[in-house]
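Listed here are the chains, written in short residue letters.
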Amino acid sequence: MAARKTQLKSNLLSSPPSRDVCRSLLLCSATPPKARCDQHEVNLCLHLGITYLDHAGSALFPESLLKAFTDDLRDNVYSNPHSQNISSKLTYDTIEHVRYRILQHFHTTAEDYTIIFTSGCTAALKLVAEAFPWIPEGTKQPSSRFCYLTDSHTSVVGMRGITVSMNVLSVPVEPKEMLLSEKNRLPPEEQNCTTPHLFSYPAQSNFSGIKYPLSWIQDIKSGKLCPIKIPGKWFVLLDAASYVSTSPLDLRVHQADFVPVSFYKIFGFPTGLGALLVNNRIAPFLRKTYFGGGTAAAYLAGEDFYFPRKSIAERFEDGTVSFLDIIALKHGFDVLERLTGGMENIKQHTFALAHYTYTVLSTLKYANGAPVVHIYSDTDFSSPDVQGPIINFNMLDENGEVIGFSQVDKMASLYNIHVRTGCFCNTGACQMHLGISNEDIRRNLQAGHICGDDIDLVDGRPTGSVRISFGYMSTFEDAQTFLKFIIATRFSKSDTEVPFQSSVTKLTTESVRSPVRDDCPSCDNANTLAPRVHILDRDLWENSSAAMKTIDWQPPATASESIRAAVSETAVPTCRRGGKPITVTNIYLYPIKSCSAFEVAEWPVGNQGLLYDRNWMVVNQNGVCITQKQEPRLCLVNPSIDLKQNIMVIQAEGMDPISLPLEENTGKEAVICESKVCSHRVKTYDCGERIADWLSMFLGRSCRLIRQSSDIKNNRHQKNTKGLAPATSISLSLVNEAQYLLINVASILHLKDHISARLEEPLEIEELIRRFRANLVISAPESFEEEEWAEISIGSLRFQVVGPCSRCQIICIDQQSGEQNKEFLQSLSAARGRKTNFGVYLMNQPLHSSFPDILSVGSQVLPVLKENPEIQPPPSSEEKCSG
C-alpha cells in the first residue's frame, strides 16, 4: 500500500527525525562544545510565545550581542573617523579591524577582496550597476550585456534601470537555460574579446531555497559556461544575501567578482548596513562620477578638478560610514561563533529542521487523499549543499483549490506564528513556480493587486505563496508548532488519522537540537442617550417594536450625481425579500481606536463619520499605534461621550474614572505631530501626562493617548473613493479603511450556528456582535445580502458601499473579558468558503447644512442593488479590520 496510517496527534509530531532520515544532521549527541552557551541566555521569542519562521527575511539578534555592543559603547568613545583626534583614530582602527573580520568570515584576505560598506545589499547592487565599466551600444567596440537569472531579487532585476540609461542591453536568463548554456561556449578566437559583460545570480534563491552551483562562477569566468553567446569577458556578481545567513561561503574557492551582503540577515542587528566585497582584479576598472565627503584626495571648488583616494573602499564610501553599526558587527561575529561554533554548524542545523518539516508537510493528506499543501521546490531536500532552510508552499483545501496566503497568514497569527507571504521580492521565481504569465501580472495589476498587498487570489488563482524559513536560533519545537498549526487548521476534530506515504521513516526520540541555547533576543457608559437594545434571538429582531423613520428626502442634484456615479441609473431602492423593512438595530462608536464600544440610540454624524468615532488612539513609547492585536486588554478600556458636559469619560475595572474635554487643545503647549494609521498619515497631538499615566498603569506598559487634529487643511488621512466625484476626497478619522462598518444580524445568526457547532457550546449573539466592532447593525432578512448592495439610504443620509471587511484576529478577542479563542476566525473562514469577509464598509459625503444629520436606532434602511453582485474589496493593500 502506498500510504500508511499514522495517529495524528500522538505519533506525527511526538519526536524529530531519526539518524536514518537525517544522517548528516546536527543531532544532540553531535553538538560541538562551542555550540552550547550559558543557561542564562534568554530567547525573546520564547518569552513572548512567538514562533518566528521568517529568518530569510531577517535573523533575530541575541540579547548577548546587544549587551556586548552597549558595553563597548559605554567603555569607549567613538567619533567621526574622518577626524584626527584620539577617539576618531580609535574608530578608524576598529572599522579596519571589522573589515578584516568580514574577510576572515568569508575565508579570504585583503589581497584578494576589498570591503565597501553600504546601507545594505540593495545599495551594493546599485553601486555595481553604476560603477561597472560598461561599453554602450553604438560604439566601435562590441557592446556590453547585463544578464541575470530570472530567479533573482527585485534589487538585482532593478539594476537594468541603470543599464538602460547607459544604453546597455539587459538579458534575463532562466535557470534551465543555464543548465544548457554549455552550448553557448565561445570558440577560442572569440574569447580574446575584452568587452566586459556581467552575469548576476543568487547563491541561494530567497523564494524556494535552492542553492545554485557556486561552480558557475569559475565556469562562466573561464568561458566554459556562457549565459548568452556573445564575444567578450564575463564577470560574475554573486548575490549572497540569502545564502550567507545560514551557509559558509569560501571566497578562496569561489572567487566571484562582486559579492553583496546584508548583515541583518546574518546577525539580526544592526539593520541598514551591508557591504560589497569586490575582487581586487576588477576594482581598478570601476568607474565613479559622484564624489562625497571622505572620498577625495584633493579637489577644487572653483574648477573641475578632483583626484580620488587610492583606497577602493574610501573612494566608494561616500560620506561618513555608519561607524557605530560597523563596530556592532565585531560583536555579531564574536557572539555567532561563541553560540554556534561556526557557519557549518548553522548550515547543518537549519537544514535538519527544514528537512524534517518538509518531510512531514509533504506527506499530509486529507481523507480523500488530496494533499494539504503544494510545495514549490526545485529539490527533494536531500542535501544541505543544494537546498537551504526555506520551504515555500500554498495551502490547499480538500478539492485542491488554493487557500489564499493572506488567509493562511491570519490563521498563523492566531497561533503566534510569524511567516512571510507574497512573492518575496522575487517575481521571476514566483511566476515560474506558480505558473503566472506576464499577461497575468499585468491583469492582476489592473485588478488592483500590487506587490506586498493582501490580494492573494485573482480569479481563483494565487498571486503569491507562503514561505517559512529557519535560522540558527530556530528550534525543533518551532518546526513542531508550525506543523501542529497546519494540522489544527486543516483537519476537523473528528479526524483521528491522516494517511502518510510509506517513505516517512518512523520518528524517534532523538532531538534535532539548535546549535544555540535560547538566546534570541465593566463599567456602565456615562452618557447613554436611550436604553440599549438587548438581543436574545431571531424573533426579537424580526418583531422589534423600535420606531421606524421614513423621510421623503432627495439630495441636491450634484450630490446625487456624485454619490451615484458608479451605480446604474435604473437601480431602484427597495425593501427586498417580501417587503420586510430593514432597520438599524444598534449604533456603536469607538471614541478611542481599538478600545471598548460606546453604544447609543441616536448620534450626530460629522464630516468623518459618527461624531467622535475613533478620534483618539493609544500609542507606544515610539508613537506607534497600539491595537488589540498587540494589547488585547484595550477592549477593557471603556470610553463614553457626554455631549451635555462636553467630556469623554474613560473607565476600567480597578481604576478611578478619568475625563477629558471634547474641545481640542489649541494652545501653544499642544504639539502637533504626524502619526500613521495603516499607510495613512494623520495630524495628531498628545493628550497629556495624566491620561498617559492612567493608561500605562492599567495596561502595564508605557503608552500615551493622542488625538487627531481637526485641522483638515493639514490632515492627510483622506480617501479618494471610487464612485464619488473625481475631486471628492473623503476625510477619515483614525479608522483603517472607511468611515463606517456595517454588519447584518441575519449574517451574525448564520455565523453563530457554525461557531456554536465547532465550539460545542451555546454562544450569545450580543457577544458576536461586539466581536465584529461595527458602527451600524441592521436587521436585513437574508444573511450576507448586504454584500449585494451598491449604496444605502438611512433617513436623510446616503452611503456608498465601498467593499467588504476582511477580518483579522481581533474577532477572536472576547470584548468583555479580553480572552482569546482562535476558533472564531477559523470558523468564519470555514463558513465563508476560505474567506474572512464579514460586514461592509460605508462612506458618506455629508450634506452641508446648518443642522447636523442624526443616525437613529429604528431608522429604515433602503438599499440599492449593485449591477455586479460580486462585491469587490476596497483598493487598498492594508488589512481591512476594524480597530
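Everything numeric in this text was worked out from a predicted model, so none of it was measured. (Residues numbered from 1 in each chain as written. Predicted model: local features only at pLDDT ≥ 70, side-chain atom pairs only at ≥ 80, totals over all residues. Heavy atoms only, no water.)

Side note on the overall build of the protein chain
Applicable threshold: Put simply, DSSP H or I for four residues or longer makes a helix, DSSP E for two residues or longer makes a strand, and each gets a number counted from the N terminus. Relative accessibility decides the category of a residue: with a 1.4 Å probe and only protein chains considered, values under 20% of the type maximum give buried, values over 50% give exposed, and everything between is partly exposed. Values of accessible area rely on a 1.4 Å probe in the Shrake-Rupley scheme; residue burial ignores everything except the protein chains shown.
Helix and strand counts for the protein chain come out as 22 helices and 40 strands. Counting only residues that meet the buried cut, the protein chain has 56% of its 883 residues in that class. Carbon and sulfur atoms make up 51% of the accessible area of the protein chain, which amounts to about 38,300 Å² in all.

Describing the pattern of salt bridges
Keep this limit in mind: One side-chain nitrogen of Lys or Arg within 4 Å of one carboxyl oxygen of Asp or Glu is enough to make a salt bridge.
By the definition in use, this model includes 26 salt bridges. Of the charged contacts in the structure, one is a salt bridge between Lys-330 and Asp-334, with a shortest N-O distance of 2.9 Å. With a gap of four residues between them, Lys-330 and Asp-334 both fall in helix H11 (residues 323-340), about one helical turn apart. In this structure Lys-330 comes out as partly exposed when scored by relative accessible area, which is 25%. When the shortest N-O distance is used, the salt bridge between Arg-614 and Asp-613 registers 3.2 Å. Residue classification places Arg-614 among the buried residues on the basis of a relative accessible area of 2%. Salt bridges sharing partners connect three or more residues here, namely Lys-67, Asp-71 and Arg-74.

Looking at helix H14 (residues 427-434)
As a reminder of what qualifies: Residues are treated as being in contact if the distance between any of their heavy atoms lies within 4.5 Å.
By the burial criterion, the buried members of H14 are Ala-429, Cys-430, Gln-431, His-433 and Leu-434. Where H14 is buried, its residues meet strand E13 (390-396), helix H15 (438-446) and strand E18 (461-462). Phi turns positive, to about 70°, at Gly-435, one or two residues after H14.

A closer look at the sheet that holds strand E39 (residues 853-856)
This is how the line gets drawn: Think of it this way: DSSP has to see at least two bridges between two strands before they count as a pair.
Taken together, three strands build an open sheet; the order of strands is E24-E23-E39 and the sheet is antiparallel. This sheet does not close on itself; its edge strands, each paired only once, are strand E24 (609-610) and E39. Pairing of strand E23 (residues 602-606) with E39, which is carried by four bridges, proceeds in the antiparallel orientation. Bridge pairing links Trp-603 to Leu-855 in E39.

As for the pairing of E13
Within a regular strand, side chains alternate between the sheet's two faces. Within E13, seven of the seven residues are buried, which leaves it mostly tucked inside the rest of the structure. Side chains Ile-390, Asn-392, Asn-394 and Leu-396 of E13 all project onto a buried face; the interleaved residues Ile-391, Phe-393 and Met-395 project onto the opposite face, where all are buried too. Bridge count between strand E12 (residues 373-375) and E13: three bridges; the pairing is antiparallel. If you follow Val-373 over to E13, its bridge partner there is Met-395. With four bridges joining them, E13 and strand E19 (residues 465-469) adopt antiparallel strand pairing. Looking at the pairing, Asn-392 lines up with Arg-467 of E19. Note that E13 and strand E14 (residues 402-403) share two bridges and pair antiparallel. For Leu-396, the partnering residue across the bridge sits in E14 and is Val-402. The loop that links E13 with its antiparallel partner E14 comprises five residues; one of these, Gly-400, has a positive phi angle of about 85°.

Thoughts on the nonpolar core
Under the convention used in this document: Within this scheme, the nonpolar core is defined by two criteria: the residues are buried Ala, Val, Leu, Ile, Met, Phe, Trp, Tyr or Cys, and they are joined through side-chain atoms within 4.5 Å.
Formed by 69 residues in total, the largest nonpolar core has its most connected members in Leu-361, Phe-393, Phe-482 and Phe-772. Filtering out sequence-adjacent residues up to four positions away, Phe-772 remains in contact with Leu-741, Ile-743, Ile-748, Leu-751, Arg-807, Ile-811, Leu-828 and Phe-838.

What to know about the pairing of strand E11 (residues 305-308)
Judged from the four bridges that link them, strand E10 (residues 296-300) and E11 form a sheet pairing that is antiparallel. Across the sheet, the residue bridging to Tyr-299 is Tyr-306, located in E11. Two successive antiparallel strands, E10 and E11, enclose a turn made up of four residues.

Side note on the sheet that holds strand E27 (residues 647-651)
We apply this condition: Orientation is described by lines fitted to C-alpha atoms, with helices fitted over the stretch in contact, and by angles between N-to-C directions that extend from 0 to 180 degrees.
Within the open sheet, the three strands sit side by side as E26-E27-E28. Their pairing is antiparallel. Looking at which strands have only one partner, the edges of the open sheet turn out to be strand E26 (638-642) and strand E28 (658-661). When the angles between neighbouring strand axes are averaged without regard to direction, this sheet yields 25°. Here E27 pairs with E28 via four bridges, running antiparallel. Bridged to Met-648 within E28 is Leu-660. Packed on one face of the sheet, helix H19 (residues 689-699) meets E27 and E28 and runs near 145° to E28.

A word on the environment of Gly-609
When you line up the elements, Gly-609 lands in strand E24. Residues contacting Gly-609, with those up to four places away along its chain left out, are Gln-739 and Tyr-740.

Some thoughts on the confidence of the model for the protein chain
Let me state the cut-off plainly: Predictor confidence is given residue by residue as pLDDT, running from a minimum of 0 to a maximum of 100.
Mean pLDDT for the protein chain: 82, with 76% of residues reaching 70 or above. A low-confidence stretch, residues 18-40 (pLDDT under 50), is modelled with 49 contacts involving residues beyond four sequence positions or located in other chains. Every residue in residues 496-514 is under pLDDT 50, and counting partners more than four places away or in other chains gives 74 contacts.

Here's the deal with the packing of helix H13 (residues 405-414) against helix H22 (residues 823-831)
A pair of packed helices is captured by two measures, namely the crossing angle of their axes and the spacing between those axes. For the record, the criterion: Relative orientations are named as follows: roughly parallel for angles under 35 degrees, roughly antiparallel for angles over 145 degrees, roughly perpendicular for angles from 65 to 115 degrees, and oblique for any other angle. Two helices crossing with the near one rotated counterclockwise from the far one by less than a right angle form a left-handed crossing, whereas a clockwise rotation gives a right-handed crossing. Residues are grouped as follows: nonpolar covers Ala, Val, Leu, Ile, Met, Phe, Trp, Tyr, Cys and Pro; charged covers Asp, Glu, Lys and Arg; every other residue, Gly included, is treated as polar.
For the pair H13 and H22, interaxial distance at closest approach is 9 Å and the crossing angle is 155°. With respect to H22, the element H13 is oriented roughly antiparallel. H22 is crossed by H13, and the crossing has left-handed handedness. Between H13 and H22, the residues in contact are Lys-410, Met-411 and Leu-414 and Leu-825, Gln-826 and Ser-829, respectively. Its residues assigned to classes, the contact of H13 with H22 shows three nonpolar, two polar and one charged.

Describing the packing of aromatic side chains
Quick note on the threshold: Centre distance within 6.5 Å is the pairing criterion for rings of Phe, Tyr and Trp, where only the six-membered ring of Trp is used; planes under 30 degrees apart are then read as stacked, over 60 as edge-to-face, and the remainder as tilted.
On inspection of all chains with the given rule, the structure shows 26 aromatic pairs. Note on Tyr-201 and Trp-216: the rings are 5.1 Å apart at their centroids and 55° apart in plane angle, and the pair reads as tilted. In this pair, Tyr-201 is assigned in strand E6 (residues 196-202) and Trp-216 in helix H8 (residues 215-222), connecting sequence segments 15 residues apart. Each member of the pair, Tyr-201 as well as Trp-216, is classed as buried. Centre to centre, the rings of Phe-267 and Phe-333 are 4.9 Å apart; their planes meet at 85°, and the pair counts as edge-to-face.

What to know about the side chain of Glu-599
Formally: Under the rule applied, a polar contact is a pair of N or O atoms within 3.5 Å (in protein, one hydrogen donor and one hydrogen acceptor; residues adjacent in sequence only if both atoms are side-chain atoms).
Along the polypeptide, Glu-599 turns up in strand E22 (residues 598-600). A distance of 2.7 Å separates a polar atom in the side chain of Glu-599 from a polar atom in the side chain of Asn-586.

Overview of the state of the cysteines
Basically, it comes down to this: By definition, disulfides here are pairs of cysteine sulfur atoms that lie within 2.5 Å.
Tallied over the entire structure, the rule returns one disulfide. The disulfide partner of Cys-423 is Cys-430, and the S-S distance across this bridge is 2.1 Å. Measuring the twist about the S-S bond at about -50°, one finds the Cys-423-Cys-430 disulfide to be left-handed. Given a relative accessible area of 1%, Cys-430 falls into the buried group. For Cys-812, which is in no disulfide, the shortest distance to another cysteine sulfur is to Cys-808 and amounts to 8.5 Å.

Examining unusual backbone geometry
Peptide bonds are, in most cases, trans, and in most cases residues other than glycine have a negative phi. In this structure, Pro-270 follows Phe-269 across a cis peptide bond, with omega equal to 0°. Within the secondary structure layout, Pro-270 lies in the loop between helix H9 (264-267) and strand E9 (274-279).

Structural notes on H13
Most of H13 is tucked away, with eight of its ten residues classed as buried. Within the span of H13, buried status applies to Phe-405, Ser-406, Gln-407, Val-408, Lys-410, Met-411, Ala-412 and Leu-414. At the C-terminal side of H13, Asn-416 shows a positive phi close to 60°.

Here's the deal with the packing of helix H12 (residues 343-363) against helix H16 (residues 476-490)
Two elements in contact, H12 and H16, have axes separated by 10 Å at closest approach and are oriented at 20°. It follows from the interaxial angle that H12 and H16 lie roughly parallel. As for the relative orientation of H12 and H16, their crossing is right-handed in sense. On the side of H12, the interface is formed by Leu-353, Tyr-356, Thr-357, Val-360 and Leu-361, while H16 contributes Phe-476, Ala-479, Gln-480, Phe-482, Leu-483 and Ile-486. Classifying every residue of the contact of H12 with H16 by side-chain character gives nine nonpolar, two polar and no charged.

Details of the side chain of Gln-348
Checked against the element boundaries, Gln-348 lands in helix H12. Using a relative accessible area of 14% as the deciding quantity, one classes Gln-348 as buried. A polar atom in the side chain of Gln-348 sits 2.9 Å from the side chain of Glu-344.

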